[in-house]
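Close look at the chain arrangement
Here is what each chain is made of, one letter per residue.
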Amino acid sequence: MTTSPTAMTFTTLQQDVRRYLERGATLASDAVVYEQIPRLINLAERRIARELKVQGFINVVTGTLTTGLSVYDKPDRWRDTLSMNIGTGATNDTRTFLFTRGYEYLRSYWPDSTQMDTPQFYGDYDFSHWLIVPTPDEDYPFEVLYYELPPLLNDELQSNWISEYAPELLLYATLLEATPFLKNDERIQVWQAMYDRSAAMLNGEDLKKILDRSTVRKEA
């Protein structure tokens, strides 16, 4: 008789963390740790998304640049932009990539935002917005590839990309977040080593398949 492999969920991850920590088994027995574990999991997810840039964190957003508008909202959970292109030509079917530049360069290159032309550059206006220059002279369809923070796990969202494709990384990251909270400093090196090993393995897999937008990334 064979058994089916088990998948990590928000619920099973909490159970695993309690067993590893030997704390917080029930709300009645250890309320502080029991209630903190979901927060530790979310901190671990944020750590992973911040420290790793892998294909599973890439998302795509499409929309339209509006005539006369140079500032645009970034998507929710945006972390870093990979590339941006617009549709040009008679029917806007020709994809033209915009070059990324710093804010000061963009303002110096196109100081009068009321003047309009075909966009050539983009950059961060602030954490939540992009600045496009020149100011669009017509409506252009756009496509942006970016790294995002995956939706964070909770009771309603039981799985995400991290739990499905890197469950061991999420487990060790959660345990790593838990050790300072529990003042169990002697375990930090253990969980850090396990986390680093899992992260390196995930990065190694990614290097074999992801493009660096201009050249194929290769292992050193």
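Look up: the structure comes first, before these words.
In this text the structure is predicted, and so the values were computed from the model without any measurement. (Residues numbered from 1 in each chain as written. Predicted model: local features only at pLDDT ≥ 70, side-chain atom pairs only at ≥ 80, totals over all residues. Heavy atoms only, no water.)

Moving on to the sheet that holds strand E5 (residues 99–100). In a beta sheet, neighbouring strands are held together by backbone hydrogen bonds and run either parallel or antiparallel to one another. Pairing within the open sheet is mixed, and its four strands lie in the order E2-E8-E7-E5. Of all the strands in the sheet, just strand E2 (71–73) and E5 have a single pairing partner and so form its edges. (Pairing = 2+ DSSP bridges. Helix = DSSP H or I, 4+ residues; strand = E, 2+ residues; numbered from the N terminus.)

Once that is clear, we can look at the pattern of salt bridges. On inspection of all chains with the given rule, the structure shows seven salt bridges. Residues Arg19 and Asp16 are paired through a salt bridge, measuring 3.5 Å at the closest nitrogen-oxygen approach. Here Arg19 and its partner Asp16 are both found in helix H1 (residues 10–21), three residues apart, which amounts to about one turn of the helix. Classification of Arg19 by relative accessible area gives exposed; the value is 59%. Since its relative accessible area comes to 27%, Asp16 is described here as partly exposed. Asp30 is the salt-bridge partner of Arg23, the closest N and O atoms lying 2.6 Å from each other. Three or more residues are tied together by salt bridges with common partners; here these are Arg47, Glu51 and Glu177. (Salt bridge = Lys/Arg side-chain N within 4 Å of Asp/Glu carboxyl O. Buried < 20%, exposed > 50% of the residue type's maximum accessible area, 1.4 Å probe, protein only.)

Within the secondary structure, Lys74 sits in the loop between E2 and strand E3 (78–88). On the basis of relative accessibility, which here comes to 9%, the residue Lys74 falls in the buried class. A distance of 3.0 Å separates the side chain of Lys74 from the backbone oxygen of Asp126, its partner in a polar contact. Setting aside residues up to four positions removed in sequence, Lys74 forms contacts with Asp124, Asp126, Phe127, Ser128, His129 and Trp130. (Polar contact = N/O pair within 3.5 Å; in protein donor to acceptor, adjacent residues only side chain to side chain. Contact = heavy atoms within 4.5 Å.)

Attention now moves to a negative patch on the surface. Together, Asp117, Asp137, Glu138 and Asp139 make up a region of like negative charge exposed at the surface. Take Asp139: it is sitting in the loop between strand E9 (135–136) and strand E10 (140–148). Since its relative accessible area comes to 43%, Asp139 is described here as partly exposed. (Patch = residues over 30% accessible without salt bridge, like charges linked within 9 Å, V, L, I, M, F, W, Y side chains within 5 Å. Areas by Shrake-Rupley, 256 points an atom, 1.4 Å probe, with all protein chains shown as cover. Lys, Arg positive; Asp, Glu negative; His and termini not counted. Charge placed at Lys NZ, Arg CZ, Asp CG, Glu CD.)

Time to look at helix H2 (residues 31–51). The end-to-end C-alpha separation of H2 is 31 Å, in line with the 30 Å expected for 21 residues at 1.5 Å each. At Ile37, H2 shows its strongest bend, of approximately 35°, with the proline Pro38 following within four residues. The complete set of buried residues in H2 reads Val33, Gln36, Ile37, Leu40, Ile41, Ala44, Glu45, Arg47, Ile48 and Ala49. (Expected span 1.5 Å × (residues − 1). Bend = angle between axes of the 7 residues up to and from the residue.)

Once that is clear, we can look at H1. In this model H1 runs 17 Å from its N-terminal to its C-terminal C-alpha over 12 residues, within 8% of the 16 Å that 1.5 Å per residue would give. For H1, the set of buried residues is Phe10, Leu13, Gln14, Val17, Arg18 and Leu21. Here the buried residues of H1 occupy an arc of 140° about the axis, which is enough to place them on one side. (Arc of directions from axis to C-beta.)

Attention now moves to the sheet that holds E3. Pairing within the open sheet is antiparallel, and its four strands lie in the order E1-E10-E3-E4. The two strands at the open ends of the sheet, each matched to only one other strand, are strand E1 (58–65) and strand E4 (94–97). Across this sheet, the average inter-strand angle for adjacent strands is 30°, counted without regard to direction. As defined by bridge partners, E1 adjoins E10 across eight bridges and the pair is classed as antiparallel. Paired with Gly63 across the bridge in E10 is Phe142. (Axes fitted to C-alpha atoms, helices over the stretch in contact; angles between N-to-C directions.)

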